[in-house]
Each structure stands twice: as structure tokens, then as C-alpha cells.
Amino acid sequence: MLTFTRNIAPHVDKELALAASARRRNHAGIEFKHLEIAHVLGQESTYQHSKLHCLMLVWGLRQRRWRAVLGQLFRIIGVLSTTAIGLVPPVNNGGSNISLFAPHALSQEYSEIILRAKQDL
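Parameters and conventions
- Residues numbered from 1 in each chain as written.
- Predicted model: local features only at pLDDT ≥ 70, side-chain atom pairs only at ≥ 80, totals over all residues.
- Heavy atoms only, no water.
- Axes fitted to C-alpha atoms, helices over the stretch in contact; angles between N-to-C directions.
- Helix = DSSP H or I, 4+ residues; strand = E, 2+ residues; numbered from the N terminus.
- Parallel < 35°, antiparallel > 145°, perpendicular 65-115°, else oblique.
- Contact = heavy atoms within 4.5 Å.
- Nonpolar A, V, L, I, M, F, W, Y, C, P; charged D, E, K, R; others polar.
- Core = buried A, V, L, I, M, F, W, Y, C linked by side-chain atoms within 4.5 Å.
- Buried < 20%, exposed > 50% of the residue type's maximum accessible area, 1.4 Å probe, protein only.
- Polar contact = N/O pair within 3.5 Å; in protein donor to acceptor, adjacent residues only side chain to side chain.
- Salt bridge = Lys/Arg side-chain N within 4 Å of Asp/Glu carboxyl O.
- Arc of directions from axis to C-beta.

1. Things to note about the packing of helix α1 (residues 2-24) against helix α3 (residues 46-63)
Inference 1: Contact geometry for α1 and α3: axes closest at 11 Å, N-to-C directions at 10°. By the criterion of interaxial angle, the relationship of α1 to α3 is roughly parallel. Listed contacts from α3 to T5, I8, A9, V12, D13, L16 and R23 of α1 are Y47, Q48, K51, L52, L55 and R62.
Inference 2: Among the residues making up the contact of α1 with α3, the classes are represented as 7 nonpolar, 2 polar and 4 charged.

Here it is as C-alpha cells:
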């Protein structure tokens, strides 16, 4: 999966840059939306998956959303113990306001990005 991690990184980084831009403009909702997109793209990489949940945890702390913080702590433990062995929940946005196992429809654009990132595997 190291190849996937490398291949998906530019796409995740693009969303993280957009999240940072939204944060600088004090648009917390838009920031989180970009974190969710980055999560969808990177959730099959242990590195990206854990990094994104940590960023969502920090977002929750900044927003003082304690349920989100607890949810992200739970998810970080899960990511570190399951992603590396291929146990990734269905595509979801990573937010703690939804079930870990609630699948979400994946847009054609994101499906194609993920498929291309996997092609070198």
C-alpha cells in the first residue's frame, strides 16, 4: 500500500491546502468538508487515514465539539489497529457524526482518483 499512499498524497494534500485556506478565513464548516474529502481519498492508506483523523480531532478541539473529539479518538485507535491489515470501513467521510460502517456514495471524480492511485499496485 505504500504505492497507494504515495500516489494519493497529492490529491489529499490539495484538499488539506483548501482546508487550511478555509481555516484562515474562519470557515470551519468548509474546512471540515475538505477534511472529509481528503479522508475519502486517503482512507485506504494507514498513514493518510490516521493523519486525517488526527486533523479532524484537532478541528474538533478548536471548535470545542467534545463529541467529535471523543469520536475521533475512537477512530484513531481503530485506524491504527485495522487499516494496515485491510480492514477499512466502506467509503465514508470520517466524521464522528456518522457510523463507522455507514457507506456513502463516492463521486465519479473521487472514484477515478482512487482507481488511478491504485493502478501501480
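2. A word on the nonpolar core
Inference 1: Among the nonpolar cores identified, the biggest contains 18 residues, and I8, V12, L16, L35 and L41 are the most heavily contacted of them.
Inference 2: Counting only elements with at least two residues in this core, the list comes to α1, α2 (28-42), α3 and α5 (108-118).
Inference 3: At 6 residues, the largest contribution of residues to this core is made by α2.
Inference 4: Aside from chain neighbours lying at most four places away, what touches L41 is F4, I8, H11, V12, E15, Y110, I113 and I114.

3. Observations concerning the side chain of N7
Inference 1: Along the chain, N7 turns up in helix α1.
Inference 2: Within the structure, the side chain of N7 is placed 2.9 Å from the backbone oxygen of A117, a separation counted as a polar contact.

4. Quick word on the pattern of salt bridges
Inference 1: Considering all chains together, one arrives at 5 salt bridges under this definition.
Inference 2: Taking the shortest distance from any N to any O, the salt bridge between K33 and E36 comes out at 3.5 Å. One end of the pair, K33, and the other, E36, are both in helix α2, 3 residues apart, so they sit about a helical turn from each other.

5. Topic: α5
Inference 1: Burial in α5 covers these residues: Y110, I113, I114 and A117. Each buried residue of α5 sits inside an arc of 95° when the element is viewed along its axis, so together they form one side. For α5, the exposed residues set more than 90 degrees away from the buried face come down to Q108 and L115.
Inference 2: Tucked into the core, α5 has its buried residues touching α1 and α2.

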